[in-house]
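# Coordinate inspection notes
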Amino acid sequence: MSSFFEWLEDLNEKDTKVRAVLRRSLAFDPGVFVPAYPYVEPFIRDEENSWRREMFYLVAGLWAAHWREGRTGEPMQLGRACAFHQTQSKSASTERRFINLLDADSEQLPNRLRQMISLLREQNLDFEDLLKGLLYWNDELKRTQNAWARDFYRNIQTSYPEGGQK
C-alpha cells in the first residue's frame with residue numbers, strides 16, 4: 001500500500017492537478033468519478049471487491065484534501081490524531097465525532113470520515129494505516145474500530161478510574 005501513496009506523492013510533485021482531481025472525487029460516491037480513475041485503478045488488485053475499490057478512492061481523495069506542503073512530524077494513526085486534537089482544542093465534540101465515526105455503517109462512513117479528516121487538518125495523518133483499517137471496516141469483530149478506539153483512549157486518558165491501570 002505504501003507504494004500507492006508514494007506514487008500519488010510522485011505524481012503530485014509533477015502535476016498538482018492530481019490533488020485537484022482527487023479532492024473533487026470526494027463530492028461523489030467513492031469510485032464513480034471517472035477523472036480519478038488513472039490515479040487509483042492501477043492499485044486495485046481485486047476488481048471483484050467493490051469495498052476495496054471504494055476505500056482506495058475514498059482514501060486517495062482524503063489524502064488529496066488533507067495534503068499540505070512542508071508538513072512535518074511523524075504521521076499519526078487516526079485514533080491518536082483524534083486524541084491529540086481533543087487535547088489541544090479541549091473540545092468534547094471531537095470524542096463525540098470520533099464515536100460516531102466508529103459507529104458508522106458502510107453508507108455513513110465516507111461522509112463521517114470526510115468530516116473527521118477535515119477536523120484533523122493540522123495533524124499529519126498516516127494514510128497508509130487509514131486505508132489498511134478501512135479495508136477491514138466491515139469485519140464482524142470490528143477489529144479496526146476497536147484498534148482505533150484503543151489508540152484514542154490510550155492517548156487521551158489522563159485520570160484513571162479506581163482500579164484502573166496507570
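The preceding data block contains the structure.
For clarity, every value in this text was computed on a predicted model and none was experimentally measured. (Residues numbered from 1 in each chain as written. Predicted model: local features only at pLDDT ≥ 70, side-chain atom pairs only at ≥ 80, totals over all residues. Heavy atoms only, no water.)

## Structural notes on the layout of surface pockets
Heads up, the rule is: Cavity means a closed set of points on a 1 Å grid over the protein atoms alone, one where a 1.4 Å probe fits but cannot get out, pocket means an open set with protein on both sides within 12 Å along at least 5 of 7 lines, and lining means a residue has an atom within 4 Å of a point. Grid points are joined across faces, edges and corners, and a volume is the space filled by probe spheres set on the points. Strands are runs of DSSP state E lasting at least 2 residues, helices are runs of H or I lasting at least 4, and numbering of each runs from the N terminus. Amino acid classes used here: Ala, Val, Leu, Ile, Met, Phe, Trp, Tyr, Cys and Pro are nonpolar; Asp, Glu, Lys and Arg are charged; the rest, including Gly, are polar.
One number sums up the size of the largest pocket: a volume of about 320 Å³. Together, 17 residues line the largest pocket, and Glu9, Trp63, Asn124, Leu125 and Phe127 are the ones closest to its centre. Mapped onto the lining of the largest pocket, the elements with two or more residues apiece are α1 (2-14), α4 (50-66) and α8 (127-135). For the lining of the largest pocket, the element with the highest residue contribution is α1, accounting for four residues. Class assignment for the residues of the lining of the largest pocket results in six nonpolar, four polar and seven charged. If you add up the space inside the second largest pocket, you get close to 220 Å³. If you go around the second largest pocket, the residues you meet are Gln77, Asp129, Lys132, Gly133, Tyr136, Asp139, Arg143, Thr144, Ala147, Trp148 and Asp151. Those elements giving two or more residues to the lining of the second largest pocket turn out to be α8 and α9 (143-156). A per-element tally of the lining of the second largest pocket places α9 first, with five residues.

## Looking at empty space enclosed by the protein
Using the criterion set out here, one finds two cavities of 30 Å³ or more in the structure. When its volume is computed, the largest cavity comes out at roughly 60 Å³. Along the walls of the largest cavity sit Ser25, Leu26, Phe28, Asp29, Pro30, Gly31, Val32, Phe33, Tyr57, Leu58 and Arg114, which together make up its complete lining. Size it by volume and the second largest cavity reaches roughly 40 Å³. Every residue lining the second largest cavity is listed: Met76, Gln77, Leu78, Leu125, Asp126, Phe127 and Leu130. Looking at the lining of the second largest cavity residue by residue, the classes come out as five nonpolar, one polar and one charged.

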